[in-house]
Structures are given as C-alpha cells and as structure tokens.
Amino acid sequence: MSTLLTAEYGVKDIVKSFGGAKALSGVSISVKSGEVHCIAGENGSGKSTLIKIMSGIHAPDRGLIRLGDKSFTKLSPREAVHEGVQVIFQDFSLLPNMTVAENIAMPTYILNNSRILSKKQTKEIASNALDLIGVDIDINTPVADISIASKQLIAIARATNLGVKMLFMDEPTTALTRKEIKRLFEVVEQIKARGVATVFVSHKIDEIQEICNTITILRNGEVVGDGLMKDFNRKTISQAMTGLDVSESRIAPKLEKTTKKVVEIKNFTTKPTFSNISFSIAPGEILGMTGLLGSGRTELAEAIFGQYPVDSGEIIVDGRPIQLNSSSKALKAGIGYVPPDRLTQGLFLEQSILNNLVSVGIDQYQSTGGRLSKTRLIEAGQHWIKDLRIKTNNPQNPVTSLSGGNQQRVVLAKWLAMNPHLMILNGPTVGVDIGSKREILKIIRDRAEEGMAFLVVSDDIPELVQICHRVIVIKNGHISKEFSEAQLDEKTLYEELS
Amino acid sequence: MNIKKLLLRNETALIIAIVVLSLVIGIKSPEFFTLANLFDIFRSSFVQLIFALGVLIVIISGGIDISFPAVGIFAGYTAVVLMQRFEWNPENLLLPIALAIIIGIILGAINSIAIATFGIPTLIATLGTSGIFRGLMLTFIGSSFISDIPVALDKFATADLLKIQPEEGTLARLHILIIPVAILAIFVSLLLTRTMFGRSVYALGGGVEATRRLGISVKRTQAKIYMLVGGLSGFAGILYVSLQRKANPYDLAGSELDIIAAVVLGGASIMGGYGTVFGTVLGVLLISLIKGNLILLGVSGSWQRAAVGALLLIGITVQALNESKKAKNRRVSTSDEVGE
C-alpha cells in the first residue's frame, strides 16, 4: 500500500503525429496516486490523443509512458488494463443489450482470461463493485433501460473494480445535471481516498476547480501550463487554454423598452410534465430557462416547437394565436429549435457541411421549375461559413470532419438561415470548448441586436448570466422564479436551482 | 419473472402462434393431429435447425450470413464426391460428417477473411462468397446429381429412434437425429450464455467500439463466428444429403429465406445483440409447420414462399415497433438528461 501511495503515473516527452499533423509535441504529465488531476484544453488540443496513448489505442512516436515504477514505450489495450489504466469514455462504452451485472463483470473475466462464466459470480462481482463506490442500482436491469447518470456510475464501478491505478474520465459531467454531478464528485472523492490517480478531462472550469488538485493545460499539442489547481483561477485557465484574453462579463445587448411581443405563452399545461406556464418574449430579447433533471424544461421547449403535446393553453406568435401540433407549423410561424443532442437530432452527419447549412429552408434556393440552384446553394453556404467563422478548408467535407464547436455552429447557421422570429436553443454550448462557446454566444448576441428573440435552455448558469436579459427557473413543471436583468447573479441562480 | 413479462416475451407469442395455427389446421383436416405428421415436422426441422443455430450466432453478433446454404451443399456434395473418388466406404458416419465439417470450416474461414480482415460488410461479403462457393463447386467438384451416395449416409436416412404403428393410418417414425440435434441446441445455448466467446458475440451485437474497448478482439471473435457457422453449415449440409438420399449440387438454393425468417421470428434482433436458442427452435418449428401443412388448409404450395416472406417482414416489423415504443418511453421518462 505504501508504494501505491507514492506511485506516479503519466507520460514523459510524448510525441505523436498523424500523417504529418502533430497531435502532441513533447507532452509530459505526472499524476500521483490519490490525486485528482485535470487535463484542460480546447477541442483539438491533444487531450483525446493522450488518453488513447495511455489506454493503448495509439502508440506514441517518441516518449515514455510511466506507470508506477514501470516504463513503456507503448502499450497494447490489454497491457494498459493489466497495468491498471482505465478510461471512462464520454459515451461510457457500455453494452445496452446486457445487464448491469454483466457490463460490470465482463472486464474482470477478460482480465482473468476466464472462458466460462457463472451467473452467480457475475452478480457477486457487480454487487461488490457497486458497493465499493457506494451506489445502489438493480444489477439485473438491462443497461438500455437505465438513465444516463446511472450509466456513468456503472462505468465508474466497472473501471474501479479492476485494481485500477490510473483512471481517466473524459468529460464526465457533460450529460449530468447539477445534482448528479454532486453525486459523481462524492464517488470521485472515494476513489481518490483509495489511492487511485484520477485524471479528469473537462471544459467546465468551475467543476474542475471544485474537484481537482493539480492541472495540466494543453494547447495545440503542447503543455502551456501546469501546477497546483489553487494557483490557477477561471481567467488564467481560460487564457492558457485559448491563448486569448477571455472575458466572461455580461455581453447581452441593451434591450429597447417595448410592449411588442414576439411570442406569448399562456397557461401551457400538459399534466404531469408542466402546468400553467405563461411568459412572453419581446423582439431582441434573450430569455434564459433552466431547471433540474425532470423539471420539464426540455418538454416545454419542445412543446413551443410543436414537438411535445400540449393539453391546454395558448400560444400567440406576432399577435396571432396559432395551433401547434407539428414542428412544420412552428417553422411556418417563425419558430426555430436547436435540440440539445446535435449529433442525432440537428445534423446530417455524413452529409457535407454545405448541404447541412442549406438543409433547412431549402425552398429558398429553388430556381424555376423547382430545381435547386447550385450556385445559390454554394453562395449561401459560403456566406454562413464566413459569417459564423466555421473552420473548414472545404465545405464539401462531411460534418463529422469538424470539431464539436464548429459542428454546433453549423447547426446554428442552418436555423439562423431561416430567419425565425423566435429561436429556441436547447443547450447551445454543451460539449464545445471555451473559444467556440464565446463565438456562439456572440452570434446569439448579434442576432438579438438585430431583433431576433431567443429562448436559451441551459444548465450552464454562468452562460445564462452572461447572455440573458431574463431567466426563468422551472421546478416540477412550474415557473418557480423569474430573475430580471438586475437580479441576475450566479450565486442566487444556483441557490434557486438546488 | 412476472406474468406480464412472460406474456410479452417473444417465445410466448411464438408458442401461441404455433398452437393457434395447429388448431386451425387440425380442425380443417384431422390427419394433422397424427403422430406421423408430428414426427414429419420434426424430421423436416433437423437440418433447418442446425443451419438456424449458425445463423442465430451471426445475427446476435450484428452480422448476417447468407452463404450458409452454399457452404452446406458445397460441404455435403464435396464430401460425397471425395468419398466416391477415393472409394472410401466406411460403415459409420464419422468420416463424411468430419469431412463436411472441415470443408465447412474452411469455407467459413474464407468468409472470416473477407469480413474480419478486409472489413467487408457481412451481407455483401457472404453474398459474394455464396456465388463463389457455388461456382467453384459446379466448375471443379462436379455438377451432376449423385444418387448412389455412400452406404452409411444412405442407411442413416432411415435410422429411426422410434417406430409406432397406430391401429389405422401410416407408420410414425421418429428419426434418431432428434437426439444429436437436441444436444447440439443445448450446446449452442450454453456456448452463447455461459462462455466468454458467447458473451463476446452478444457484446459485438451491442456495440463494436464498446466491445473493442473492453479488450475483446473484434476481429478474432468475428473470425471464430464465421468459421463456427461454416462448420455448422457443413454438418447440416451432409445431414441434408443423407436424409434426401442423394447429392444434388443445385439444392438448398433459396433456403436462406426460411432459415433467416425462422431466426428473426424466434426473436433474434436483426440489429444484433439479442436472440435465444429456444426462440430459434420455436421459429424453425413454426416455419416447418407452415411449409409442410399449409397445403392442408387448401393454400397452394406456391404461396408458401410468400407466406414465409410475409412472416419475416412481420417479425422484423414487430421488432422495430417494440424498439421505437421503448425509445419513446425512455424519452418521456428521461428526456431532460439528453445532452445537457
């Protein structure tokens, strides 16, 4: 145990190129057992390459991997597991068709080279693993039927069960609400107490400040900052990550006083999801909406876009009451909606960037006889690429070739091209890095300044404070509180939420 | 397991379908409810079931193999040709069966190379090899019908476990194959549920990337799967030749429909990850029942293929509907979690 407590894990002078492009140039990281270390960096900074090297998926060109008193020039996935390196990927890599018990127990069997499995042993392994992190989940349920937060905990139980010495968690909080994150952090503290070297990869600065002891910041494949977490603050981390001076002051444009309303919602009710929801949004106004898991905020947003049934209530768009029962009607009325899960709901992933950009409102590009005008399509696409600063050298490339932040901008552009009166954005900056986030918020602000109304649904309180004119908090399907511009403040919002 | 869950299970639905169909046929034509007819349904199911067990494994893994009839007849026919050419005429069945299984495994290995090594999509790979296998057999092995198959194979066609002569009507014969086939089904079931290999097959069907990250070799597992299916198809092929008492290189073409339909109706998900041996056994029995007895209902033989095709589509539609219903339930209960 004593050697474990002082052991160090990490890499030294790692270089890795992919076809000429350098992903990592001489990166060194060291994590002690019983420490939570943060790796921070924008998309493309080399974080994922580093994880893949440590878990044996990629071999480095040069450099050493150090695991306790052993050194390796490269690892195979099996060796990595044998040496106690475990990675919890963003998608958790669980098998939906198998039970919780089997998902947790499989790696143990693989590690022991077992050929025959016993149901009893599988259940024992799983119960023990869940007990170890103090989590209670029915182990006989298929993973397909459990919530994302539980999946996360199962992935941790699975990883920590294997005599793990170094545990990577890749963006573990992206899909979790505030309450679930708290629970996750409790579990991380337990793992830490057991002497595991934990590496936390995240964009969310307030979270890494809360949980991490030490930090390494990567930019373009190089270490641009490392040390004790307490020596860094929000601003210095952002600056190191982006290489820019990032300010998080309020950027919401000044709102003209007006009695005009773009959208009025009156007594929206669908029991038990939400009831008696009433609010209105003025031209150029950015209204924020937040709430915990199951509060009904996503359903409400979808209801305004006609994708979730509304039992009673009224919606008035530009002074005219409309019937909302399909998204095409909402579109016609001038309401746009960007869903939270852009990868499955907002984009045609295999299609080109250009095709995605022009896919909403494709009618605009018709020439006589209903044929699509190719030149007009290309012109429009290029306009958006330039306007939203989407980083690509060829608009014909598939959307999958873009980074998360750029993909999100494509989704935004696609909807902005419709010129909606009200734009509903659900989690507009989930999973994008600080630089992209800033760009996206700027786009929202610019459009609001031109008179477009926004409804921003988000968990990211600092973001809401930064951009919104007003924020409503949803609790159990009701509006529990409304914060005016003067009352907006991170601390009070957090308090209202929890 | 509670009653509601039991009723919702695919196997329960299949048993109900088999019982209802039997009753309908039986009411219209009483000769349906004879022991002879029951044993006939079994007899026509043996070869089908062995093929189906192989297909089940592939479908659970998220792939598909449509070359198994070609592999089966290639192995069966070639074994007979080899035995004739070298004048091997042993008393027992060991040699022809071993030959056919080995040939099946070799052909399965070719599928493995196409799929695991070159990463060709399984449907296309096996469609291609299916053509290659049949073409090679007809060109190099032979294209003529062989009616004087080795004695051991010929004798086996009438090896009965039970013979029951009712007071009136036809003699009911239960073929001895019921024992080895039952053992094989139990063996495959244990293989799938209790071994690391079996669970790897389910894992592959659940997600290729997740399986790889578990440290399971995707390629090695795929290679094993297609070789195993090849071996099973070879075994089925030689038994087919034996039961038919002739070796016809043009046989078994088109049987992929019946067998894939049986496996899918048995509850194996065409998307991979789900399926049981018990369900497959019921699926095979249902298809045999339809193919053998629809004629008693006055449905002409030419409608049988259409009926089986329709059943395949019904099976897949039911799966798709269940899946989207589940997804909807999940969405309503947890939709706030998505991506936030």
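Residues numbered from 1 in each chain as written. Chains lettered and ligands numbered in written order. Predicted model: local features only at pLDDT ≥ 70, side-chain atom pairs only at ≥ 80, totals over all residues.

On to the overall build of chain B, then. Helix and strand counts for chain B stand at 14 helices and 2 strands. Taken over C-alpha atoms, the radius of gyration comes to 21 Å for chain B, in line with the 20 Å a tight globule of 340 residues would show. Overall size of chain B, expressed as C-alpha extent along the three principal axes, is 70 × 50 × 35 Å. Partitioning the contacts of chain B with sequence separation of at least 6, the portion at a separation of at least 24 is 77%. (Helix = DSSP H or I, 4+ residues; strand = E, 2+ residues; numbered from the N terminus. Rg over C-alpha atoms; globule rule 2.2 N^0.38 Å. Contact = placed C-beta atoms within 7 Å.)

To continue, consider the domain arrangement of chain A. The parts lose accessible area when they come together, and the size of an interface is often stated as this lost area. Residues and elements named next belong to chain A. Under the domain assignment, chain A is made up of domain 1 (2–242) and domain 2 (263–497). Spacing between the C-alpha centres of domain 1 and domain 2 amounts to 33 Å. Opposite the 13 residues of domain 1 that make contact, domain 2 presents 12 residues. (Domains from an automatic or database assignment.)

All names here are of chain A. Read across the open sheet, the 4 strands follow the order S2-S1-S4-S5; overall the sheet is antiparallel. Either end of the sheet is taken by a strand with one partner, and the two such strands are strand S2 (21–32) and strand S5 (70–72). Strand-to-strand twist across the sheet, computed as the mean angle between neighbouring axes with direction ignored, equals 20 degrees. Examined bridge by bridge, strand S4 (residues 62–67) and S5 share 3 bridges and lie antiparallel to one another. (Pairing = 2+ DSSP bridges. Axes fitted to C-alpha atoms, helices over the stretch in contact; angles between N-to-C directions.)

In this section: the sheet that holds strand S8 (residues 197–201) of chain A. All names here are of chain A. Sheet architecture is open: 6 strands sit in the order S6-S7-S8-S3-S9-S10, paired in mixed fashion. Both edges of this open sheet fall to strand S6 (85–88) and strand S10 (222–228), since each of them pairs with a single strand only. Strand-to-strand twist across the sheet, computed as the mean angle between neighbouring axes with direction ignored, equals 15 degrees. Pairing analysis gives 4 bridges linking strand S3 (residues 36–41) to S8, with the strands arranged parallel.

So, about the packing of helix H3 (residues 35–60) of chain B against helix H11 (residues 218–244) of chain B. All names here are of chain B. Closest axis-to-axis distance for the H3/H11 pair is 8 Å, and the angle between their directions is 170 degrees. Viewed along their axes, H3 and H11 adopt a mutual orientation that is roughly antiparallel. Judged by residue contacts, Phe46, Val47, Ile50, Phe51, Leu53, Gly54, Ile57 and Val58 of H3 engage Ile225, Leu228, Val229, Leu232, Ser233, Phe235, Ala236, Leu239, Tyr240 and Leu243 from H11. Within the contact of H3 with H11, the residues separate by chemical class into 16 nonpolar, 2 polar and no charged. (Parallel < 35°, antiparallel > 145°, perpendicular 65-115°, else oblique. Nonpolar A, V, L, I, M, F, W, Y, C, P; charged D, E, K, R; others polar.)

Moving on: helix H12 (residues 255–265) of chain B. Residue and element names in this part refer to chain B. With 9 of 11 residues buried, H12 lies mostly within the body of the structure. Buried residues of H12: Glu256, Asp258, Ile259, Ile260, Ala261, Ala262, Val263, Val264 and Leu265, and no others. Positive phi appears at glycine 267, one or two residues downstream of H12, with a value of about 105 degrees. (Buried ≥ 20, exposed ≤ 12 C-beta atoms within 10 Å, placed from the backbone.)

This part covers the interface of chain B and chain A. Contacts between the two partners involve 24 residues from chain B, matched on the other side by 35 residues from chain A. When residues of the side of chain B that touches chain A are traced back to their parent elements, those giving at least two are helix H9 (196–206) and helix H10 (208–213) of chain B. Counting residues per element, the side of chain B that touches chain A draws most heavily on H9(B), at 6 residues. Class assignment of the residues belonging to the side of chain B that touches chain A gives a composition of 8 nonpolar, 9 polar and 7 charged.

Our next topic: the environment of A:Pro398. All names here are of chain A. Structurally, proline 398 is set in the loop between helix H14 (374–387) and helix H15 (404–416). We classify proline 398 as partly exposed; it has 15 C-beta atoms within 10 Å. Linking proline 398 and glutamate 350, residues 48 residues apart in sequence, is a C-alpha distance of 5.4 Å.

Attention shifts here to the pairing of strand S1 (residues 160–164) of chain B. Residue and element names in this part refer to chain B. Little of S1 sits inside the fold, with 0 of its 5 residues counted as buried. Inspection of the sheet shows S1 paired to strand S2 (residues 172–175) by 4 bridges, in the antiparallel sense. Bridging across to S2, aspartate 160 finds its partner in histidine 175.

Residue and element names in this part refer to chain B. For the pair H3 and helix H8 (residues 178–194), interaxial distance at closest approach is 10 Å and the crossing angle is 30 degrees. Looking at the two axes, H3 sits roughly parallel to H8. Two packed elements cross with a definite hand, and for H3 against H8 that hand is left-handed. Contacts between H3 and H8 involve Phe42, Phe46, Leu49, Ile50 and Leu53 on the former and, on the latter, Ile178, Val181, Leu184, Ala185 and Val188. The residue inventory of the contact of H3 with H8, partitioned by class, reads 10 nonpolar, no polar and no charged. (Left-handed = near helix turned anticlockwise from the far one by under 90°.)

Turning our eyes to something else, we now look at helix H2 (residues 47–54) of chain A. Residue and element names in this part refer to chain A. Counting buried residues along H2, 6 of its 8 residues qualify, which places the element largely inside the surrounding structure. Buried residues of H2: Lys47, Thr49, Leu50, Ile51, Ile53 and Met54, and no others. Within two residues after H2, glycine 56 carries a phi angle of roughly 85 degrees, on the positive side.

Residue A:Lys271 is joined to A:Pro272 through a cis peptide bond whose omega torsion reads 0 degrees. A positive phi angle is found at A:Phe92, which is not glycine, with a value near 70 degrees. With respect to the helices and strands, the residue A:Phe92 is situated in the loop between S6 and helix H4 (100–111). On the basis of neighbour count, A:Phe92 is assigned to the buried category, with 22 C-beta atoms found within 10 Å. With a phi close to 70 degrees, B:Leu252 is a non-glycine residue in the positive phi region. Relative to the helices and strands, B:Leu252 resides in the loop between H11 and H12. For B:Leu252, a count of 27 C-beta atoms within 10 Å corresponds to the buried category.

This brings us to the environment of A:Ser76. All names here are of chain A. Note that serine 76 resides in the loop between S5 and helix H3 (77–82). For serine 76, a count of 14 C-beta atoms within 10 Å gives the class partly exposed. Linking serine 76 and arginine 438, residues 362 residues apart in sequence, is a C-alpha distance of 39 Å.

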